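An overview of the molecular structure
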Amino acid sequence: MKLSDPRLFRQYAYVDGKWTHGEGGREEPVFNPATGEVLGHIPLLETEQVNAAVDAAEAAFTQWRALRADERCERLLAWYDLLQANREDLATIMTLEQGKPMPDARGEVEYGASFVRWFAEEGKRTFGETIPSHIPNAALGTIKEPVGIAALITPWNFPLAMITRKAAAAMAAGCPVIVKPAHETPFSALALAELAERAGIPAGVFNVVLGEAAEVSKLLCYDDRVKALSFTGSTRVGRLLLEQCANTVKRVSLELGGNAPFIVGPDMDPKEAAYAAVAAKFQTAGQDCLAADRILVHESIHEAFVEHFAERMAALTVGNGLESEIDLGPLIHRQAVEKAAAVVDDAISKGATLVAGDQSQAPGENFFMPVLLTGVTHDMKIWHEESFAPVAGITAYADDDQVIEMANDTEYGLAAYIYTHDIRRIWKIMRALEFGMVAVNSVKMTGPPVPFGGVKHSGLGREGGVTGIDEYLETKYYCLGALGSVSGS
Ligand code: NAP
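Residues numbered from 1 in each chain as written. Predicted model: local features only at pLDDT ≥ 70, side-chain atom pairs only at ≥ 80, totals over all residues. Heavy atoms only, no water.

Turning our eyes to something else, we now look at the overall build of the protein. Scanning the protein for helices and strands turns up 14 helices and 20 strands. The globule rule puts the C-alpha radius of gyration for 489 residues at 23 Å, and the 24 Å found for the protein is close to it. Each of the three principal axes of the protein carries a C-alpha extent, and together these read 75 × 60 × 40 Å. The buried share of the protein, taken over its 489 residues, is 56%. Once local pairs closer than 6 in sequence are excluded, the contacts in the protein between residues at least 24 apart make up 73%. Carbon and sulfur atoms form 52% of the exposed surface of the protein, whose accessible area is close to 19,400 Å². (Helix = DSSP H or I, 4+ residues; strand = E, 2+ residues; numbered from the N terminus. Rg over C-alpha atoms; globule rule 2.2 N^0.38 Å. Buried < 20%, exposed > 50% of the residue type's maximum accessible area, 1.4 Å probe, protein only. Contact = heavy atoms within 4.5 Å. Areas by Shrake-Rupley, 256 points an atom, 1.4 Å probe, with all protein chains shown as cover.)

The subject of this paragraph is the side chain of S458. As for its position among the elements, S458 is in the loop between β18 (437–440) and β19 (459–460). Beyond its immediate sequence surroundings of up to four residues, S458 is in contact with L254, E255, L256, G257, G258, Y412, G413 and L414.

Let us look at the packing of aromatic side chains. Going through the model one piece at a time under the given rule, you end up with 9 aromatic pairs. When the ring of W79 is compared with that of F206, the centres are 5.3 Å apart and the planes differ by 65°; the resulting orientation is edge-to-face. Here W79 is found in helix α2 (residues 69–85), whereas its partner F206 is found in strand β9 (residues 206–208), with 127 residues between them in sequence. Across this residue pair, the class does not change: W79 and F206 are buried. Residues F282 and F309 carry aromatic rings whose centres are separated by 6.1 Å and whose planes lie at 50° to one another, so their mutual orientation is tilted. Of the two residues, F282 is situated in helix α9 (residues 270–282) and F309 in helix α10 (residues 302–314); the sequence distance between them amounts to 27 residues. Using a relative accessible area of 0% as the deciding quantity, one classes F309 as buried. (Phe/Tyr/Trp six-rings, centres within 6.5 Å; stacked < 30°, edge-to-face > 60°.)

Running from N to C, helix α4 (residues 102–122) and helix α5 (residues 161–173) cross one another at 10°; their axes reach a closest spacing of 8 Å. Judged by the angle between their axes, α4 and α5 are roughly parallel. Across from E108, Y111, G112, F115, V116, F119 and A120 in α4, the residues of α5 making contact are A161, T164, R165, A168, A169 and A172. Tallied by class, the residues present in the contact of α4 with α5 amount to 9 nonpolar, 2 polar and 2 charged. (Axes fitted to C-alpha atoms, helices over the stretch in contact; angles between N-to-C directions. Parallel < 35°, antiparallel > 145°, perpendicular 65-115°, else oblique. Nonpolar A, V, L, I, M, F, W, Y, C, P; charged D, E, K, R; others polar.)

With that settled, the discussion passes to helix α8 (residues 235–244). For an α-helix the count is 3.6 residues per turn, leaving residues at separations of three or four pointing the same way. What α8 keeps buried is the set T235, G238, L241 and Q244. For α8, the secondary structure elements touched by its buried residues are β7 (149–153), α7 (213–222), β10 (226–232) and β11 (251–255).

Further remarks concern the sheet that holds strand β20 (residues 473–480). Judged by pairing direction, the sheet is antiparallel, and its 3 strands sit side by side in the order β5-β6-β20 without closing on themselves. The open sheet has two edge strands with one neighbour each: β5 (129–131) and β20. The average angle at which neighbouring strand axes cross in this sheet is 25°, direction not considered. Pairing of β5 with strand β6 (residues 139–146) involves 3 bridges; the strand directions are antiparallel. Counterpart to I131 in the pairing with β6 is L140. (Pairing = 2+ DSSP bridges.)

Written as structure tokens, this is what we have:
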């Protein structure tokens, strides 16, 4: 691995400011999904070691919360500067462990860093309020206090940004964090730890634990000293964690699966809409919770849309993300390829038409060539499940009411896209969609200032924006009584 700074590549856990190996001697390999080569090994921590991370966070909490908000801001901004300064190495590590093309990995480093800067500043604005008193001679108000230790469990598709979007908010609020990254992509998390240390984040404030997911998560969820759990990942695991947090009544934030509809109105230029749909479908090789999974096109432009979509899709290049001019890297592992193939087979067996997608062209065993299916219907897996693969399914619809019903026909409610220039149609559909985020005539919708999150089975809470930090804050109400005569009471 060619890094300008090889110390960013760490094969240890990071607990209490120390690089830690597994005391039981257990470890596992991490693979490069593009080549199948072993990139390195990570330790699997024992129970006592995970508990030690909670001890360390508990000890660090006293000191970290006592810092002034502007002092925490400075440390976080130093971390931000280091992320930017090491962007190329961080992107290389990410491409090697996750597979995404280098330009996308650089983009994710920028995106992930932008949350650190955003929350560094937001930490200075965790205002309480004064409340006009209804109690004689009393002053009423609220102050915001850090909730306590936050456990952060994150997925492999955005190995860096899904950590910073949580950790920066928690740390800015005054909370220490314990990160459990996905086992496929631990090295981005560990590079973040190395840079946090260099930024002067005190020992115990940013910890990275590694281990068997079910074991580690139980330890964190059942520990009463851990006050918040923030999870990004599948709805299946999110439900499990919500249950595990019930006994200790933790604050739980969940960013779960998506199954985004991409609605194209009859007034649209089919080429413009098709190019946008390709962009919304194939980022991160379709392994994206915002991926346009169900493309719903008005019947009057369906044929032209499909032609333009197929033409644009054919231009996508597939290969090792370290090479130049690559649009789609590999899928994360062989099981993901098998799942993608099964979703395609299921759709074809139920009547969908395979317009394009020849797997014999795949450049390696973890690669999946983009697939275009038309005639996708409600009874197919691709309609209800996240394919998490470069498989696009198109369905024709007749009118607005029908497309609203189709779009909402899913347990998920994360993001939706609408392409039309008819303002009445935009308003009607946007209001009727049961999704937490709706992008109109735009593929790009995320970033630090916006509240990211879903409804229905896509999650609880919001990340980013002015409310993202609230996931890590308690509101303390005070009533200062017996003040004598208080003006305005
Ligand atoms: P996943 O299988 O749910 O894994 C996510 C995390 O949970 C990993 O750290 C994993 O650890 C851990 N985990 C797995 N099984 C567990 C268990 N039994 N108990 C406790 N923890 C467990 O999801 P994924 O495949 O990594 O990620 C894809 C999913 O994330 C998709 O559904 C996608 O839509 C969703 N996602 C949502 C957002 C959003 O913001 N809404 C963003 C990105 C991704 P190990 O890796 O060690 O098994």
